[in-house]
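Residues per chain are reported as follows:
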Amino acid sequence: MAIATKPELRPANPCFSSGPCAKRPGWTLEALSGALLGRSHRAKEPKARLAEVIDRSRAVLGLPADWRLGIVPASDTGAVEMALWSLLGERGVDILAWESFSKEWATDVTKQLRLPDAKVIAAPYGQLPDLAAADWSRDVVFVWNGTTSGVRIPNAAAIPADHAGLAICDATSAAFAMHLPWDRLDVVTWSWQKVLGGEAAHGMLALSPRAVMRLESFTPDRPLPKIFRITKGGKLNEGIFKGETINTPSMLCVEDALDGLRWAESIGGLAALIARSESNLAAIAFWVAKTPWVEFLAEVPETRSCTSICLKIVAPWFQALPAEGQAAVAKQLASLLEKEGVALDIAAYRDAPPGLRIWGGATVETRDIEALLPWLDWAFTQVAAAHGKAAA
């Protein structure tokens, strides 16, 4: 729907970035007032705060009692790399790749680790690869939700309950917003900066008993940097999973992570977090259904992400532009919204098709999404007019 004049209502919070993401509703700097600054993370009280992050995360997510959960360096990227470098090589591996980060994991396995028996099962942006093509007697590496494509795995049906290999899942934009099938997974990673709006640089690594067994029975034939070492003397380094981090964490970020977890508990836990994210997706879906110039990048409705909600521009005049022209228009659209102060950081990821990416995680209020949508119509009308085109 073309809108020539600026909408009157503005989002109260214009932060729609896909990481670091919007802070939880009502957040202020006062939330960090209890941070144990200037203290060693090895001291009793700071270490207790780190352990509290682990314990509260376990409780909110419903992590099985026999799983280990630890805090590791370098955000979700560090957690995934730690898993790949420490676990892979015992058997063949399949990598499911359908967006930027899953393609990075495929590159790590095939070009950096150079594993001889590695198979990449790929799909273009907007689609899932053929999940049935994965051989779960091998190790399988995949993302649960494509942060840069807005395409998620809808359920665990493709993962056999008795799979022989390890299911290694990057869940950074899924954890706390989607149900994760712990009984079908073996390694799950995420970071603080996504669904709960924490600060960046810290990752979480969750290991099933089968993953621990692999770590203690298999020694990779390659050197491991210090920050990748999960074992000591052939046994799991249990300290990592009790708050004894490999390198120095930010206690300010720890306090912020605890604030997000306490907020999650206060609103009703995982069920409430998922409901908030799904409500944001529903609001955008309602708008997309009546808006001719835009569609979801995810081609199958059941695979649409409720966090990294990716949209493509389908107006005929836009589609007729060369790739660089499309990228320029999409950038112009995002810049106009940022200039108006109604939407920050909603351009598509740099490797993704030109379009928009709106974060819909649990810290984002649905009323802010609803206030944003007329602004998208207005901005597209302005950009189309600048190119001498009608908005549709």
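Residues numbered from 1 in each chain as written. Predicted model: local features only at pLDDT ≥ 70, side-chain atom pairs only at ≥ 80, totals over all residues. Heavy atoms only, no water.

Student: Please clarify how the overall build of the protein chain should be interpreted in this entry.
Tutor: On a plain count of helices and strands, the protein chain comes out with nine helices and twelve strands. The C-alpha radius of gyration computed for the protein chain amounts to 21 Å, which stays within 12% of the reference 21 Å derived for 392 residues, consistent with globular compactness. Across the 392 residues of the protein chain, 58% fall into the buried class. When contacts within the protein chain are restricted to residue pairs at least 6 apart in sequence, long-range pairs at least 24 apart make up 72% of them. Accessible surface for the protein chain amounts to roughly 15900 Å². Of this, 54% is attributable to carbon and sulfur atoms. For the protein chain, the separation between the mean place of its 40 positive charges and that of its 43 negative charges on side chains is 4 Å. (Helix = DSSP H or I, 4+ residues; strand = E, 2+ residues; numbered from the N terminus. Rg over C-alpha atoms; globule rule 2.2 N^0.38 Å. Buried < 20%, exposed > 50% of the residue type's maximum accessible area, 1.4 Å probe, protein only. Contact = heavy atoms within 4.5 Å. Areas by Shrake-Rupley, 256 points an atom, 1.4 Å probe, with all protein chains shown as cover. Lys, Arg positive; Asp, Glu negative; His and termini not counted. Charge placed at Lys NZ, Arg CZ, Asp CG, Glu CD.)

Student: Sorry if this is basic, but what is going on with empty space enclosed by the protein here?
Tutor: The rolling of a water-molecule-sized probe over the atoms marks out the regions of remaining empty space. Inspection of the entire model under this criterion finds four cavities of 30 Å³ or more. Computed from the structure, the largest cavity encloses a volume of approximately 120 Å³. For the largest cavity, the lining is made up of 14 residues, of which Phe176, Trp190, Ser191, Trp192 and Leu196 are closest to its centre. Those elements giving two or more residues to the lining of the largest cavity turn out to be helix H1 (44–61), strand S6 (187–191) and helix H5 (251–267). Grouping the constituent residues of the lining of the largest cavity by class yields nine nonpolar, four polar and one charged. (1 Å grid on protein atoms, 1.4 Å probe; cavity = no way out; pocket = protein on both sides within 12 Å on 5 of 7 lines; lining within 4 Å. Points joined across faces, edges and corners; volume = space filled by probe spheres on them. Nonpolar A, V, L, I, M, F, W, Y, C, P; charged D, E, K, R; others polar.)

Student: How do you make sense of the sheet that holds strand S10 (residues 294–296) when you look at a structure like this?
Tutor: Two pairing modes exist for strands in a sheet, parallel and antiparallel, and in both the strands are linked by backbone hydrogen bonds. Taken in spatial order, the three strands make up an open sheet running S10-S11-S12, and their pairing is antiparallel. The outermost strands of the open sheet, each flanked by one partner alone, are S10 and strand S12 (355–359). Sheet twist, expressed as the average angle between the axes of neighbouring strands with direction ignored, equals 30°. In the sheet, S10 pairs with strand S11 (residues 308–313) via three bridges, with the strands oriented antiparallel. Paired with Phe296 across the strands is Leu311, a residue of S11. This element, helix H6 (residues 270–289), spans S10, S11 and S12 of the sheet and lies at about 140° to S10. Packing of helix H9 (residues 366–386) onto the sheet brings it into contact with S11 and S12, and relative to S12 it is tilted by some 165°. (Pairing = 2+ DSSP bridges. Axes fitted to C-alpha atoms, helices over the stretch in contact; angles between N-to-C directions.)

Student: I'm lost on the side chain of Ser149 in this one. Help?
Tutor: Among the structural elements, Ser149 can be located in the loop between strand S4 (139–143) and strand S5 (167–170). Overall, Ser149 belongs to the buried group, its relative accessible area being 0%. Within polar-contact distance, the side chain of Ser149 engages the backbone nitrogen of Val151 at 3.3 Å. Setting aside residues up to four positions removed in sequence, Ser149 forms contacts with Trp98, Glu99, Tyr125, Gly126, Leu297, Ala298 and Cys310. (Polar contact = N/O pair within 3.5 Å; in protein donor to acceptor, adjacent residues only side chain to side chain.)

Student: Help me understand the pattern of salt bridges, please; the structure alone is not making it clear to me.
Tutor: One side chain can pair with another of opposite charge once the charged atoms of both are near each other. Throughout the structure, instances matching the rule amount to 23 salt bridges. In this structure, the salt-bridge partner of Arg210 is Asp186, at a minimum N-O distance of 2.9 Å. One end of the pair, Arg210, is in helix H4 (residues 209–217); the other, Asp186, is in the loop between S5 and S6, and 24 residues separate them in sequence. With a relative accessible area of 31%, Arg210 lands in the partly exposed category. Salt bridges sharing common partners tie together Glu52, Arg56, Arg262 and Glu265. (Salt bridge = Lys/Arg side-chain N within 4 Å of Asp/Glu carboxyl O.)

Student: For this particular structure, what's the right way to read H6?
Tutor: Side chains three or four residues apart in an α-helix point the same way, a direct result of the helix having 3.6 residues per turn. Taking 1.5 Å per residue, 20 residues should reach 28 Å; H6 reaches 28 Å between its end C-alpha atoms and fits that length. Along H6, the positions that sit buried rather than exposed are Leu270, Ala272, Leu273, Ile274, Ser277, Asn280, Leu281, Ala283, Ile284, Trp287 and Val288. (Expected span 1.5 Å × (residues − 1).)

Student: Mind showing me how you'd approach the packing of aromatic side chains here?
Tutor: In this structure the tally under the stated criterion is ten aromatic pairs. Note on Phe101 and Tyr349: the rings are 5.6 Å apart at their centroids and 45° apart in plane angle, and the pair reads as tilted. With a gap of 248 residues between them, Phe101 in helix H3 (residues 100–112) and Tyr349 in the loop between helix H8 (323–340) and S12 connect regions that are remote in the sequence. Owing to a relative accessible area of 15%, Tyr349 belongs among the buried residues under this scheme. (Phe/Tyr/Trp six-rings, centres within 6.5 Å; stacked < 30°, edge-to-face > 60°.)

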